[in-house]
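The residues making up each chain are set out below.
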Amino acid sequence: QMCIRDRYQRRVHGGSIFLNFMLNKAKSVRTLCVSFVRYASTGKIGFIGLGNMGGHMAINLKTKGQDVIAYDVNTTKLKELETTFGLTPASSVEELAKASDVVITMLPNSSHVKETLVNGGIFRHLKKGGLIIDSSTISPLVSIELNKLAAEQNLNFVDAPVSGGVMAAKNAKLTFMVGTAKQEIFEKCKQILSHMGANVISCGSPGGGQIAKICNNMAPVSYTHLTLPTIYSV
């Protein structure tokens, strides 16, 4: 009986070791697959606007394995990122558009974005079916207008402003608020934006990202207006 029990215990123990081994292998394969999906290239990404925020965002895309071509009116900054991080420089917006599958803009205001996309050549020269992600903080009405103009050119325009500031941009911890009604476009945006941020939130239809950004900016002010009367009445 002791021999039978010993053999049984050895088999159970051996089975447990084998099961744990297989589970660990499965976890390793899953981790590998997740990593592959996360770092797989999404085609050539054109990045326009290498300022305090945009520069860090473009660097994070490059260091996460993406093929990045960049443009900025500040040629010194463009040269610096080419030399230090290996970003491919474009001599013009038109050159960038022709070379890209996806274009990301990070510009100061509505007029800069509209000028770059409409008059700068993005709409004319980006490949049909291409994706434009605007992470600038601009008017929701302008985002809606650009979405319609892009659709007329068989392009996809998405507003995806950010929250988090310069350090969040540097550490890839930004929050992106994405305005698109198309789930497949949101998923593609998420795959790209996850290289630059910790949170990618769907905000519904075109312009929804900009509306969410406005609400996000107003929240602290609203809180102050609500609480200050209470504080000073005590």
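Whatever comes next refers back to the structure up there.
What comes next concerns the included structure. (Residues numbered from 1 in each chain as written. Predicted model: local features only at pLDDT ≥ 70, side-chain atom pairs only at ≥ 80, totals over all residues. Heavy atoms only, no water.)

1. Some thoughts on the pattern of salt bridges
For the structure on display, the rule yields five salt bridges. Glu82 is the partner of Lys79 in a salt bridge, and the nearest nitrogen-oxygen pair spans 3.5 Å. Here Lys79 and its partner Glu82 are both found in helix 3 (residues 75–85), three residues apart, which amounts to about one turn of the helix. In this structure, Asp101 and Lys127 form a salt bridge, with 3.1 Å as the shortest nitrogen-oxygen distance. A residue pair is termed long-range when its members are at least 10 positions apart, and Asp101 in the loop between helix 4 (93–99) and strand 4 (102–105) and Lys127 in the loop between helix 6 (122–125) and strand 5 (131–134) qualify at 26 residues. (Salt bridge = Lys/Arg side-chain N within 4 Å of Asp/Glu carboxyl O. Helix = DSSP H or I, 4+ residues; strand = E, 2+ residues; numbered from the N terminus.)

2. Observations concerning the packing of helix 5 (residues 110–119) against helix 7 (residues 140–152)
Between helix 5 and helix 7, whose axes approach to 11 Å, the crossing angle comes to 5 degrees. Considered as vectors, helix 5 and helix 7 are oriented roughly parallel to each other. Contact residues: helix 5 offers Ser110, Val113, Lys114, Leu117 and Val118, while helix 7 offers Val142, Glu145, Leu146 and Leu149. Here the contact of helix 5 with helix 7 is composed, by residue class, of six nonpolar, one polar and two charged. (Axes fitted to C-alpha atoms, helices over the stretch in contact; angles between N-to-C directions. Parallel < 35°, antiparallel > 145°, perpendicular 65-115°, else oblique. Contact = heavy atoms within 4.5 Å. Nonpolar A, V, L, I, M, F, W, Y, C, P; charged D, E, K, R; others polar.)

3. Here we look at the sheet that holds strand 2 (residues 68–71)
Taken in spatial order, the six strands line up as 3-2-1-4-5-6 in an open sheet, and their pairing is parallel. Taken across any chain shown, the strands that pair with only one partner, and hence form the sheet edges, are strand 3 (88–89) and strand 6 (156–159). Bridge count for strand 5 against strand 6 is four bridges, and the pairing is parallel. Counted as the bridge partner of Leu131 is Asn156 from strand 6. (Pairing = 2+ DSSP bridges.)

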